[in-house]
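# Tertiary structure, described
So the chains spell out like this:
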Amino acid sequence: MFDRCDRIWINANLATFDAGVGRAYGALTRQALAVRDGRIRAIAPMDSLGEVDPAAEVIDAKGGWLTPGLVDAHTHLVFAGNRAREFELRLEGASYEEIARSGGGIISTVSATRNASVEDLVRLSEPRLKALMKEGVTSVEIKSGYGLSLDDELKMLRAARVLGERNPVRVSTSLLAAHALPPEFEGNADAYIDLVCNKIIPAAADEGLADAVDVFCETIAFSPAQCERVFQSAQEYGLGIRAHVEQLSNQHGAALAAHYGAWSADHLEWLDEAGIEAMAEAGTVATLLPGAFYFLRDTKVPPIELLRQHRVPMAVATDLNPGSSPLASIRLALNMACTLFRLTPEEALAGATRNGARALGLDGTIGQLRAGMQADMVLWDIEHPAELAYQFGVNPIRQRILAGEIHNV
Ligand code: NIG
Ligand code: FE
């Protein structure tokens, strides 16, 4: 227990997000938490603390709150250029779809990203990653999707891996080659999907560059039939499955993704009950992206109450990207999940801890404070965990801890 450990936090309140604790936030007050070899070794009330390893470093949390390290389970943070001009056009009345159809939108980021090297992408993306880390993010998912060719998609994934090697943060990668149709395949989407399934997915899997495969199932992107081929290929190569679905219209993409055992279906503004039932059945996480909802001035809220009724786990993520969600703040995403989607602060925080981990296929490894889990944690100067979703623009972080080591940013 506490007799053999490397580091112990004492006098801590814990928001464990361990459902087994049976209290809101999985809260345990006045606790000690011991870490050994990067994992949580034991958690015990202060008043039952027995013999303590004399070699262990003891850190007095002085009544601060430890939470699991925050998980941002959906980002496109590797890209070049920006879309401020498109923001102006939208304010003048153009819609996201109109801009995409006229060759702007995602495709304009594709041009800038194709012209960048791996090192350029790392340099441009690192400040965005650091902004997330500063707010307590210890695990982040990063997608490709602005390369749209074999070399450029792999280049983006390499940049994501380099970011993970150079920074104290866990990076999960998703190959989103089926994000938009590259201009050279205009009028020939099926041929592009052939390239994705026969060349890009195998190469990314072969080089260990992708943990999962993602798609954009939408009228301005790819049809359900095309997405299904991508899912089949992902399955063949043993990669996880995730999907952008039901963002702008109902294409029944969530049910399709769930049918293929997707870890996560994301956006979901237009999700219907059949899609929810399929997700509940498959254990697919609903990843909510209030930043995109806000920035596109959407009005259709995802069916939160039905997701609750069907016990679909909900994750909350930033969707950090240059077009629909230039939001490098998980704390603001938590707040928006509450104000815009009416999640409770506890649901929002579970969305960026336990359920975010599940959306990355990492439940059981990260996202909860429980013996045996990775000791990825944040120590906050707060009086109650709800403050993390309530307030934004101030950062009450005291320590950011990855695998038991303190790495403040
Ligand atoms: O998650 N929905 C599609 N993809 C991104 C937007 C990407 C972009 O506009 O550059 C999203 O919102
Ligand atoms: Fe996205």
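See above for the structure.
Notes on the structure follow. (Residues numbered from 1 in each chain as written. Chains lettered and ligands numbered in written order. Predicted model: local features only at pLDDT ≥ 70, side-chain atom pairs only at ≥ 80, totals over all residues. Heavy atoms only, no water.)

## Topic: the site of ligand 1
What counts is decided by this rule: If even one non-hydrogen atom of a residue comes within 4 Å of a molecule or strand, that residue is called near it. Polar contact criterion, stated in full: a pair of N or O atoms within 3.5 Å, where within protein one must be able to donate a hydrogen and the other to accept it, and residues adjacent in sequence count only if both atoms are side-chain atoms. All accessible-area figures derive from a Shrake-Rupley calculation using a 1.4 Å probe, and residue coverage is judged against the displayed protein chains alone.
Around ligand 1 sit 15 residues in total, of which Arg83, Tyr96, Tyr146, Gln247 and Ser324 are the nearest. Side-chain polar atom of Tyr146 to an oxygen atom of ligand 1: 2.6 Å apart, as the coordinates give it. Here an oxygen atom of ligand 1 and a side-chain polar atom of His244 are 3.1 Å apart. Protein burial of ligand 1: of its 330 Å² of free accessible surface, 100% is covered by the chains.

## Observations concerning the packing of helix α6 (residues 189-206) against helix α7 (residues 224-236)
Short version of the rule: For every element, the axis is a line fit to its C-alpha atoms; helices are fit only across the contacting stretch, and the angle between N-to-C directions ranges from 0 to 180 degrees. Per the convention used, a helix needs a DSSP run of H or I reaching at least four residues, while a strand needs a run of E reaching at least two, with both numbered from the N terminus. When describing relative orientation, an angle under 35 degrees is termed roughly parallel and one over 145 degrees roughly antiparallel, while 65 to 115 degrees is termed roughly perpendicular and anything else oblique. Throughout, a contact is declared for two residues whenever any of their heavy atoms are within 4.5 Å. Classification used: nonpolar for Ala, Val, Leu, Ile, Met, Phe, Trp, Tyr, Cys and Pro, charged for Asp, Glu, Lys and Arg, polar for all others including Gly.
Contact pair α6 / α7: the axes reach a minimum separation of 10 Å and the direction vectors enclose 10°. On the basis of the axis angle, α6 is roughly parallel to α7. Contacts from Ala189, Asp190, Ile193, Asp194, Val196, Cys197 and Ile201 of α6 reach α7 at Gln226, Arg229, Val230, Ser233 and Ala234. For the contact of α6 with α7, the class distribution of residues is seven nonpolar, two polar and three charged.

## Observations regarding helix α9 (residues 273-282)
Where we set the bar: Partly exposed residues are those whose accessible area sits between 20% and 50% of the maximum for their type, while under 20% is buried and over 50% is exposed, using a 1.4 Å probe and protein chains only. Directions from the helix axis toward the C-beta atoms define the arc.
Inspection of α9 places Gly275, Ile276 and Met279 among the buried residues, and these make up the whole buried set. Across the axial projection of α9, the buried residues extend over an arc of 100°, all falling on one side. Those residues of α9 that are buried lie in contact with α8 (253-259), β11 (264-267), β12 (285-288) and α11 (304-309). Backbone geometry just after α9 places Gly283 at a positive phi near 75°.

## Structural notes on the coordination of the iron ion (ligand 2)
Rules: In this description, a donor is an N, O or S atom within 2.8 Å of the metal centre, a cutoff extended to 3.2 Å for sodium, potassium and calcium. Water is not part of the atom list, which can make sites seem incomplete.
Donor atoms from the polypeptide that bind the iron ion (ligand 2) are His74 (NE2), His76 (NE2), His244 (NE2) and Asp319 (OD), placed at 2.0 to 2.3 Å. Sequence spacing of the donor residues for the iron ion (ligand 2), all on one chain, is H-x1-H-x167-H-x74-D. Of this pair, His76 sits in the loop between β6 (70-72) and α1 (84-91) while His244 sits in strand β10 (residues 240-245), and the two are 168 residues apart along the sequence. His244 carries the same exposure label as His76, and that label is buried.

## Examining the packing of aromatic side chains
Basically, it comes down to this: Any Phe, Tyr or Trp ring, taking Trp's six-membered ring, that has another such ring centre within 6.5 Å forms a pair; planes under 30 degrees apart are called stacked, those over 60 apart edge-to-face, and the others tilted.
Taken as a whole and assessed by the stated rule, the structure comprises seven aromatic pairs. Seen from their ring centres, Tyr192 and Phe222 are 6.1 Å apart, and the 25° between their planes marks the pair as stacked. In this pair, Tyr192 is assigned in helix α6 and Phe222 in the loop between β9 (212-217) and α7, connecting sequence segments 30 residues apart. A centroid spacing of 5.8 Å and a plane angle of 45° characterise the contact between Phe231 and Tyr260, whose relative ring orientation is tilted.

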